[in-house]
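One-letter residues, chain by chain:
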Amino acid sequence: MDWKRFGFIALVIIVLFSVVVMIGKSKQPPLLIITSMLATTIAVATPLALGALSGVFCERAGVVNIGIEGMMLASAFFGWLGGIYMFNIYDFGNALSITLAVLFAILTGGLMALLLAVLSVTFKVDQIIGGTVINILAVGLTGFLNRQLFFGKGSVFGGSVPGSPGVLPTLHIPITELFAPICGTSATCLQNVQAINRVFDQKPIAIGAILLVFISHYILFNTRWGLRTRAVGEHPKAADTVGINVYKMRYANVIIGGLFAGLAGAYFTIESVPSFEPLLTNGRGFISLAAMIFGNWTPIGAWAAALVFGSSQAMLINMQIFRDVIPPQWAFLQESYIVGLTPYILTMFILTGIIGKTTPPAADGVPYEK
Amino acid sequence: MQSEKRSNSLTKQILRSISEAGLIPLLAILTAVVVGGIIIIIVGGDPIRAYTGLIEGSFGSTKALSETAVWATPYIFAGLAVALAFKGGLFNIGAEGQLAVGAVFSALIGYALPEWLGFSLPIYIHLPLAIIVGMLMGGIWAGIVGVLKAYTGGHEVINTIMMNYIALNTTSFLLNGVMKDRSPTNVIARTPLIADSARMPEIFDGLRVHWGFVLALLVAFLIWWLLNKTTLGFEIRTVGLNPDAAQYAGINVKRTVILTMALSGMLAGLAGSIEVTGLNYRHELGFSIGYGYDAIAIALLGKSHPLGVVLAAFLFAAMRNGATRMQFLTQLPVDLISMLQALILLFVAADAIVRYIYRIKSKGERVVLTRGWGG
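Analysis parameters
- Residues numbered from 1 in each chain as written.
- Chains lettered and ligands numbered in written order.
- Predicted model: local features only at pLDDT ≥ 70, side-chain atom pairs only at ≥ 80, totals over all residues.
- Helix = DSSP H or I, 4+ residues; strand = E, 2+ residues; numbered from the N terminus.
- Rg over C-alpha atoms; globule rule 2.2 N^0.38 Å.
- Buried ≥ 20, exposed ≤ 12 C-beta atoms within 10 Å, placed from the backbone.
- Contact = placed C-beta atoms within 7 Å.
- Nonpolar A, V, L, I, M, F, W, Y, C, P; charged D, E, K, R; others polar.
- Core = buried A, V, L, I, M, F, W, Y, C linked by C-beta atoms within 7 Å.
- Domains from an automatic or database assignment.
- Expected span 1.5 Å × (residues − 1).
- Arc of directions from axis to C-beta.
- Axes fitted to C-alpha atoms, helices over the stretch in contact; angles between N-to-C directions.
- Parallel < 35°, antiparallel > 145°, perpendicular 65-115°, else oblique.
- Left-handed = near helix turned anticlockwise from the far one by under 90°.

Moving on: the overall build of chain A. Of the regular secondary structure elements, chain A holds 15 helices and 0 strands. In summary, chain A has a C-alpha radius of gyration of 22 Å against a globular reference of 21 Å for 370 residues, a match within 12%. Out of the 370 residues belonging to chain A, those deemed buried represent 52%. Put simply, of all contacts in chain A between residues at least 6 apart along the chain, 78% involve residues at least 24 apart.

Accessible area lost when the parts come together is the quantity often used to give the size of an interface. Between chain B and chain A, the contact holds 40 residues from the first and 45 residues from the second. Those elements that place two or more of their residues in the side of chain B that touches chain A are α5 (123-152), α6 (156-176), α11 (291-301), α13 (336-349) and α14 (351-358) of chain B. In terms of residue class, the side of chain B that touches chain A is made up of 25 nonpolar, 14 polar and 1 charged.

Side chains of a nonpolar character, in soluble globular proteins, are inclined to be buried together. Residues Ala49(A), Ala291(A), Ala306(A), Phe77(B), Ala78(B), Leu80(B) and Ala81(B) are the most contacted members of the largest nonpolar core, which totals 234 residues. For this core, the element with the most residues is helix α2 (residues 30-60) of chain A, which contributes 16 residues. Two domains each put at least three residues into this core: domain 1 (20-45 + 332-363) and domain 2 (69-331) of chain B. The contact partners of Ala78(B), leaving out residues within four places of it in the chain, are Ala95(B), Leu99(B), Ala268(B), Ala271(B), Tyr291(B), Gly292(B) and Ala295(B).

Before going further, it helps to spend a moment on helix α1 (residues 3-24) of chain A. Residues and elements named next belong to chain A. With 22 residues, α1 extends 31 Å between its outermost C-alpha atoms, agreeing within 8% with the 32 Å of an ideal straight helix rising 1.5 Å per residue. The complete set of buried residues in α1 reads Ile9, Val12, Ile13, Leu16, Phe17, Val20, Ile23 and Gly24. Each buried residue of α1 lies within a common arc of 135° when the element is viewed along its axis, so the set occupies one face. α1 presents Trp3, Lys4, Gly7, Leu11, Ile14, Val15 and Ser18 as exposed residues on the side facing more than 90 degrees away from its buried surface. Those residues of α1 hidden inside the fold are in contact with α2 and α13 (299-321).

Another point: the packing of helix α12 (residues 284-294) of chain A against α13(A). Each pair of packed helices can be described by the angle between their axes along with the distance between the axes. Residues and elements named next belong to chain A. Packing of α12 against α13 leaves a shortest axis separation of 7 Å and a crossing angle of 130°. Relative to α13, the element α12 is oriented oblique. Two packed elements cross with a definite hand, and for α12 against α13 that hand is right-handed. Every residue of α13 that contacts α12 at Ile287, Ser288, Ala291, Met292 and Phe294 is listed here: Ala302, Ala305, Ala306 and Phe309.

Attention now moves to the domain arrangement of chain B. Residues and elements named next belong to chain B. The domain architecture assigned to chain B consists of domain 1 (20-45 + 332-363) and domain 2 (69-331). Domain 1 and domain 2 are separated by 27 Å when their C-alpha centres are compared. On the domain 2 side, the residues contacting the 13 residues of domain 1 number 14 residues. Elements represented by at least two residues in the side of domain 1 that touches domain 2 include exactly α1 (2-42) and α13. No other element matches the 7 residues that α13 contributes to the side of domain 1 that touches domain 2. Classifying every residue of the side of domain 1 that touches domain 2 by side-chain character gives 11 nonpolar, 2 polar and no charged.

Residue and element names in this part refer to chain B. You can see Phe328 is positioned in helix α12 (residues 306-330). The class for Phe328 is exposed, based on 12 C-beta atoms found within 10 Å. The sequence separation of Phe328 and Gly57 amounts to 271 residues, and the corresponding C-alpha distance is 9.9 Å.

Before going further, it helps to examine unusual backbone geometry. Its identity is not glycine, yet Asp91(A) carries a phi of approximately 55°, on the positive side. Relative to the helices and strands, Asp91(A) resides in the loop between α3 (68-89) and α4 (94-122). We classify Asp91(A) as exposed; it has 8 C-beta atoms within 10 Å. Even without a glycine there, the phi angle at Gln331(B) is positive, about 65°. With respect to the helices and strands, the residue Gln331(B) is situated in the loop between α12 and α13.

Residues and elements named next belong to chain A. Running from N to C, α13 and helix α15 (residues 342-351) point in directions that differ by 155°, and their axes come no closer than 9 Å. Here α15 runs roughly antiparallel to α13, going by the angle between their axes. The chirality of how α13 crosses α15 is right-handed. In this structure, α13 contributes Val308, Phe309, Ser312 and Gln313 to the contact, and α15 contributes Thr342, Pro343 and Leu346. Across the contact of α13 with α15, the residue classes tally to 4 nonpolar, 3 polar and no charged.

Pasting the structure below:
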């Protein structure tokens, strides 16, 4: 991660935060705004970071994965569906149903990735077409099953969506408890500590995603597995010559990538809101691809880029809170259609390479023929 | 005698090449139908009744046929858009957005131009103007991506998708705001109805099929001519096959990439314009959900050949059109069609699977459709 890129990321995040603070400071103290925005940023960046990790693993092994969107969508649906089945039909408790739902989502991601691996590694289909197939298949499959299972004639749930087991709980990181004694009797100090604590009180997948970013970075750049993965993506012929099984490494990494996309899917329907609607991923799979590219195919870089997109979304959410205090010249910031464009325009801007050229793995997108 | 023999062998040759080109797509459709049938059985439906419903609903009567043609019209334009880009080595996933932009601007010209001018225009000026403006705006929308690709290397796949979302958001903004139909009963995000002088006439009385359908077939022929009989077509195909070789041969690759993308966007824009001027007489939010993706499947199924695209567009149109009848007969949701189409796409794209199932030998030729991030 070079400084130009890192500086750009920091700059965009600071600008977006400043805008919200400037508008909202008449209503809430700046620290409270900043911490609540940080908390939202981390939460909404979760699926983007996981999607980008999915891309990193696939592409470091030499398989372009444009199907992250479809993998996320299918996982979001099947994880949620699994949870509903476990909860309503098999009468499992909330906690167990939710846990199994997450596992179903991850598994779905893995299976979709297996399809991509079969297409691109074994059958050597054009990888971008293969990914597009995954995307279209996911839309068709989830749309059809969603209608058929819940609203179709003789459907299992007889025309309505039954109660879901709910969402994953927020984990409390005891920062307030640790630092409260330092504050003594000062009430503002305690309030500030509580505000900061809010940033760290995240849900399990959000916290897991951050850990996974660093674990993935370690695996890719400091282990034998990582070295082999990168070798297969940079120069498969050479890797093959020294005895690395190119096909096996590509299969394994694409499936690992799928598991990450599956966890990202779980974020939507099991961590964020307990419901599914067709097309709910709304392009976030593609935005995570852009995050991956901007992060130069490294997990930490991709995460930093995902935070930029997260903060633009956090700005949109916070603008709704400050609706009534927006000065007239800033009124356009209320228009969710206009502010909602930020991540897409940012993506296109980043892809121009103005902020530092990126280099994909040399054999990315090239099927390997022995 | 001699010439007769030659022409005879030429017909044979053409027939053979058609049957060879059509074999894999046909087998892909067959496989998808079988797999789709299995899925119907799994969810508790009757595949025979479902498929009968599909065929009845799409070809069973004059009205059904007319409706299939109505569905096929935007599919042909959008399919040609993706196919043309494929020929030029570009993957246009953004037909959806270009279509929406075309539709919005056609609608704008259709309802607002007489108001602005203060007098009504004759149909032979107003209608072509509405169509051309929509087409050009679609071209500009895609042309932006072409410029980014040519000068910065920004990959067209992600950029066209981003432009889709930008188009969707912007049209939502416009249709909910300045362009919203102000009639007191309206609560939907849609434009007012376009003037009569901007409407495409129907071909037959009482049937919805309009002259846009004929135009679609005409444009398909035009694209075939452009690709195979003109210098520009040759340049597009050469850049598509090997940009380095094209550069070496003196073709302006940057210009060709931008032109290909703009032409592709114009075709997609036409799809939107024709829907507005020929069928809906207004633009309504969300009318085009899925056209862009269907267009990719159509282009792949038609092997990027204009004739193939027309045939594939008919197949997809028939499926969409017959879906209602199928739903009526079997209570299976219309969304089943999306899944069937995804399966067809899967087997067409992965022709290696079809070859593997039916033991057909590959001739060893591999068509390059897209390229990795390097561009």
